[in-house]
Structure formats: C-alpha cells, structure tokens
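Here is how the chains run, residue by residue.
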Amino acid sequence: SSGSVADYIAYKGEISLPVELTSFTCDVERNGVDNTIAISWTTASETNADYFTLSVSTDAIMYLDIENVDAHGTTTTYHHYESIYIPQKSGLYYFRLKQYDWDGTCSGIWDDVIRIRSPIHISYSIVDNSINCIDCDDVVCVYSLSGTTIFCEYPPIDMSKHPPGLYIAQHNDSELYLRFVKP
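Residues numbered from 1 in each chain as written. Predicted model: local features only at pLDDT ≥ 70, side-chain atom pairs only at ≥ 80, totals over all residues. Heavy atoms only, no water.

### Here's the deal with the environment of Thr148
Counting through the fold element by element, Thr148 comes out in the loop between β9 (140-143) and β10 (149-153). If near-sequence neighbours (up to four positions away) are discounted, Thr148 is found in contact with Val142 and Tyr143. (Helix = DSSP H or I, 4+ residues; strand = E, 2+ residues; numbered from the N terminus. Contact = heavy atoms within 4.5 Å.)

### Points about the environment of Glu82
Relative to the helices and strands, Glu82 is located in strand β4 (residues 79-85). Among the residues examined, Glu82 registers a relative accessible area of 61% and is labelled exposed. With 40 residues separating them in the primary sequence, Glu82 and Thr42 have C-alpha atoms 8.9 Å apart. Here Glu82 is in contact with Ile39 and Ser40, once residues within four sequence places are set aside. Looking at Glu82, its side chain comes within polar contact range of the side chain of His80, at 3.3 Å. (Buried < 20%, exposed > 50% of the residue type's maximum accessible area, 1.4 Å probe, protein only. Polar contact = N/O pair within 3.5 Å; in protein donor to acceptor, adjacent residues only side chain to side chain.)

### Description of unusual backbone geometry
In this model, Pro155 is joined to Pro156 through a cis peptide bond whose omega is 0 degrees. Locating Pro156 in the fold gives a position in the loop between β10 and β11 (157-158). Positioned with a positive phi, Ala60 is a non-glycine residue whose angle comes to about 65 degrees. With respect to the helices, strands and loops of the structure, Ala60 is situated in the loop between β2 (35-57) and β3 (64-75).

In structure tokens form, the structure reads like this:
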C-alpha cells in the first residue's frame, strides 16, 4: 500500500545523514588583477564527519581535488567553512564538495557551477605596432574615437596598416576599453 505524504516525511525524518548542509556557494571576487573564487559552505549539524574535499572541473566529468578541509566531527551547532580557488583562465568551473566520515566513507556530495571571466588585459605596443591581449579567447574590436567599428580580429593585431590616430580597443566579451595613440 502506498503511504501518505505525512508517512513519507516521517520516514525521511528518521534517516540520519552525517551532515546537514545549509549552504554551498561559489562567488567571484575581483581584486583588480586576477579573479579568485570564494567557496563557502555551512553545516547545521555533523555526525562522525572527518573532512570535506573540494574538487574542481571544467567539463563536469573529470574533477581534480584541490583541498581537504577538516570537519568538526559530531556537533549540532552551525559551522561555516571557506576556501579560495584561483582559476588559471576564464571559463565555466564546476565545484564539488564531498564529505567523508571517520571510517573513510563518502557520505555526501554537493555541486555548484560558476562562470569566471578573468580580467582582460589589452595593451598596445608602439615598438611592434600591435594590440595584444592577455587571457583573450575572443576578438578585439578597434573603434574610431567617434565609436565607429573599424575592424574586429583575434589578437595579436597588427596596426601597421592603419593610419596614425587615436583608437579605442575593446575585447568582445569585456567592458574594458583601451585608448591608444598610434603614431
């Protein structure tokens, strides 16, 4: 016979999970030069919890363990945990949090996804007459001072074929602009 919703809830309430996770978040923190990812989670209770393992992936298939964080064993008080991850490039990052008991059993797995856009660094070199971009995975557009698009290309961009003047360069996926004078 099928039970009522109340029976199901009562039965679920009898199952004791080793960790009651109340939050698991990943947030981008911009510090002017690089992005870091602040990873945090909070537990309301823990039972025989030995440690947490943080893992990261760029494809949600292959995960790399990046840190083990000691748990608080058995407790019924809230505990907040934090970690920092520095991504090597822009892209989509998948984070996984796993909880292990004292006997080595993995008793909980939680996932979060975050898209990282690293700061884009655009530079113009008078020496080689080119526009370069660090961590660019898309085109850089060059505009006239009036805002007219002159061209869009993948960096490095050779400016030697363009006349002297004031230009504005922008990475296609960024709000960063670079004004430069081509002599």
